[in-house]
Amino acid sequence: MSGLKLSHLVAGAVAVLLGYTSSAAIIFQAIDTLGASPAVANSWMLALGLGMGLSTLVLALRYRMPILTAWSTPGAALLVVSLAGVSVPEAVGAFVFCAVLLTLTGVTGWFEKISHLIPAAIGSAMLAGILFRFGLGIFASMEDNLPLVIAMCATYLAGRRFFARFAIPVVLLVGVMFCALTGAFDTSQHIAFEIAKPVFVTPEFSLSVLIGVGLPLYIVTMTSQNVPGVVTLKAAGYEPPVSASITVTGLTSLILAPFGGYAFNLAAITAAIVAGPEADEDPVTRYKAAVATGVIYCIVGLLGAAVIGLFLIAPKALVVTVAGLALLNTISASLTAALKDPDQREAGLVTFMTTVSGISFLGIGAPLWALVFGGLTSLVLTRRG
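Given the structure is predicted, the values throughout are model-derived calculations rather than measurements.

What about the packing of helix 6 (residues 120-140) against helix 14 (residues 316-340)?
Closest axis-to-axis distance for the helix 6/helix 14 pair is 7 Å, and the angle between their directions is 150 degrees. Classed by the angle they form, the pair helix 6 and helix 14 counts as roughly antiparallel. The way helix 6 lies across helix 14 gives a crossing that is left-handed. For the contact of helix 6 with helix 14, the class distribution of residues is 17 nonpolar, seven polar and no charged.

Written out as structure tokens, the structure is:
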């Protein structure tokens, strides 16, 4: 593909790095809860990597937008607490059930109709709230490795002043060099480089598992992942093909569920990296950053646990600081958009604070409650002409 920039590759690498290091450990816990074999575990990581990569490539190239997909992180957390006593075939049956529901949601188009009802200020506020903790992570990381974070932040400030387009790539390079020189990489872990092999598991359908695992997996994937994913792209100035995207991720989940691809959805946090100005100053060509991400995801999936091990040996402070700095512009733009309209200012603030709070009750996470509370505030306080 012509016109690929260094910023596209770096944005893609940062997105993949953030995607894996932020939640791969949760998936490993879910695999342990099932008591799956190492072969099945590698198959899961293969399916998840290829699923994210291929579905991202399909959507980004088809619609020329920075549409990123991801595995369901809250879904993985749900699996950790709900798979105890469940067999691997029964779990796969629940994955298939969830995939069917996701596909039907995309095909019927009802989710897209609802997404158009979300006011721009509320959507931007929710996105700012989701990303806010990553900005805070920069400062929290100072407790883990103050010299590393200071070096990266100083590089970022210099970069924004003198070479704004390459600020994040240089920050990442400085961070890696600093870790290499100071021995911050954890080299005690054994990393075996080998191509992962798929393991097909015939699904078994248990009504209790479908209701107790499959249905909640669908709900948290839609409310905690797809809703923020749509908002992220809209806040970046795009009109994403919502129904088509949900259909693609649903079909991807359906095809790869027997191999461990438990649920795919629109990405939010990682999508903000490739959809922002740090990836490309021109919004028209930012989709190339998503394409780069998709290719990297496929490579990571094929190499399985080996590349994941490389990601996990990086110090947490490096990953968190790079992600936080890469998202600063998006956080700023989202907050500005959320509070710009005086009539929507309080609704935006309520949405932002609810999202940051991280509340979760009735099985529903903060992003959806933020939309509910913000929407009610807007409904009550917005002046009618």
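From this point, the discussion proceeds with the structure in view.
Points about the nonpolar core
In terms of nonpolar packing, the biggest core is built from 106 residues, with Tyr20, Ile27, Trp71, Phe95, Leu131, Tyr262 and Leu327 touching the most fellow members. No other element matches helix 1 (residues 6-34), which puts 13 residues into this core. Here Tyr262 is in contact with Ile27, Leu48, Trp71, Ser72, Thr73, Gly75, Ala76, Leu79, Phe95 and Leu217, once residues within four sequence places are set aside.

Points about a nonpolar patch on the surface
A grouping of Leu4, Leu6, Leu9, Phe162, Phe163 and Phe166 is seen on the molecular surface, where their side chains present a nonpolar patch of about 580 Å² in accessible area. Inspection of the secondary structure puts Leu4 in the segment before helix 1. Among the residues examined, Leu4 registers a relative accessible area of 40% and is labelled partly exposed.

Focus: the environment of Val380
When you line up the elements, Val380 lands in helix 16 (residues 366-381). Exposure remark for Val380: the relative accessible area of 67% places this residue in the exposed category. For the pair Val380 and Leu50, spaced 330 residues apart in sequence, the C-alpha to C-alpha distance is 45 Å.

Brief notes about the side chain of Gln344
With respect to the secondary-structure elements, Gln344 resides in the loop between helix 14 and helix 15 (345-357). Since its relative accessible area comes to 12%, Gln344 is described here as buried. Not counting the four nearest positions on each side in its chain, Gln344 is found in contact with Ala121, Ala338, Ser378 and Thr382.

Details of the confidence of the model for the chain
For the chain, per-residue confidence averages 86 on the pLDDT scale, and residues scoring 70 or more make up 93% of the total. Model confidence for the chain, summarised as mean pLDDT per element, is weakest for helix 13 (residues 305-313) at 67 and strongest for helix 10 (residues 242-256) at 95.

Details of the packing of helix 3 (residues 73-82) against helix 9 (residues 207-235)
The axes of two packed helices give the description: the angle between them and the distance between them. Where helix 3 contacts helix 9, the two axes come as close as 8 Å, and the packing angle between them is 155 degrees. On the basis of the axis angle, helix 3 is roughly antiparallel to helix 9. Here the hand of the crossing between helix 3 and helix 9 comes out right-handed. Taken together, the residues of helix 9 that come into contact with helix 3 (itself represented by Thr73, Pro74, Gly75, Leu78, Leu79 and Ser82) are Gly212, Val213, Pro216, Leu217, Val220, Ser224 and Gln225.

Quick notes on the pattern of salt bridges
Counted under the stated rule, the structure contains two salt bridges. Taking the shortest distance from any N to any O, the salt bridge between Lys5 and Asp280 comes out at 3.2 Å. Separated by 275 residues along the polypeptide, Lys5 in the segment before helix 1 and Asp280 in the loop between helix 11 (269-274) and helix 12 (287-303) bring together distant segments of the chain.

A look at helix 15
Taking 1.5 Å of rise per residue, 13 residues should cover 18 Å, and helix 15 covers 18 Å from first to last C-alpha, within 8% of that figure. When helix 15 is considered as a whole, its buried residues turn out to be Ala347, Gly348, Thr351, Phe352, Thr354 and Thr355. Looking straight down helix 15, one finds that the buried residues subtend no more than 165 degrees of arc, so they occupy a single side. In the core, the buried residues of helix 15 are packed alongside helix 6, helix 14 and helix 16. Of the residues one or two after helix 15, Gly358 is the one with positive phi, at around 75 degrees.

Thoughts on the packing of aromatic side chains
Scanning the model with the defined rule gives six aromatic pairs in all. Relative to Phe95, the ring of Trp44 has its centre 5.7 Å away and its plane inclined at 75 degrees; by these criteria the two rings are edge-to-face. Of this pair, Trp44 sits in helix 2 (residues 38-63) while Phe95 sits in helix 4 (residues 88-108), and the two are 51 residues apart along the sequence. Overall, Trp44 belongs to the buried group, its relative accessible area being 3%. Residue Phe95 is classed as buried on the basis of its relative accessible area, which comes to 0%. Considering the side-chain rings of Phe95 and Tyr262, the 6.0 Å spacing of their centres and the 55 degrees angle between planes classify their relative orientation as tilted. Remark: Tyr262 occurs in the loop between helix 10 and strand 2 (264-266) and Phe95 occurs in helix 4; sequence separation between them is 167 residues.

Observations regarding empty space enclosed by the protein
According to the stated counting rule, one finds one cavity of 30 Å³ or more in the structure shown. If you trace the largest cavity, you find it lined by Ser7, Val10, Ala11, Val14, Ile168, Pro169, Ile273, Glu278, Ala279 and Ala326. Looking at the lining of the largest cavity, the elements with two or more residues in it are helix 1 and helix 8 (167-182). Here the lining of the largest cavity gets four residues from one element, more than from any other, and that element is helix 1. Its residues placed into classes, the lining of the largest cavity shows eight nonpolar, one polar and one charged.

Some words on the environment of Phe163
Here Phe163 lies in the loop between helix 7 (146-162) and helix 8. In this structure the C-alpha to C-alpha distance between Phe163 and Glu239, which are 76 residues apart in sequence, comes to 30 Å.

Criteria and thresholds
Residues numbered from 1 in each chain as written. Predicted model: local features only at pLDDT ≥ 70, side-chain atom pairs only at ≥ 80, totals over all residues. Heavy atoms only, no water. Axes fitted to C-alpha atoms, helices over the stretch in contact; angles between N-to-C directions. Helix = DSSP H or I, 4+ residues; strand = E, 2+ residues; numbered from the N terminus. Parallel < 35°, antiparallel > 145°, perpendicular 65-115°, else oblique. Left-handed = near helix turned anticlockwise from the far one by under 90°. Nonpolar A, V, L, I, M, F, W, Y, C, P; charged D, E, K, R; others polar. Core = buried A, V, L, I, M, F, W, Y, C linked by side-chain atoms within 4.5 Å. Buried < 20%, exposed > 50% of the residue type's maximum accessible area, 1.4 Å probe, protein only. Contact = heavy atoms within 4.5 Å. Patch = residues over 30% accessible without salt bridge, like charges linked within 9 Å, V, L, I, M, F, W, Y side chains within 5 Å. Areas by Shrake-Rupley, 256 points an atom, 1.4 Å probe, with all protein chains shown as cover. Salt bridge = Lys/Arg side-chain N within 4 Å of Asp/Glu carboxyl O. pLDDT = per-residue confidence, 0-100. Expected span 1.5 Å × (residues − 1). Arc of directions from axis to C-beta. Phe/Tyr/Trp six-rings, centres within 6.5 Å; stacked < 30°, edge-to-face > 60°. 1 Å grid on protein atoms, 1.4 Å probe; cavity = no way out; pocket = protein on both sides within 12 Å on 5 of 7 lines; lining within 4 Å. Points joined across faces, edges and corners; volume = space filled by probe spheres on them.

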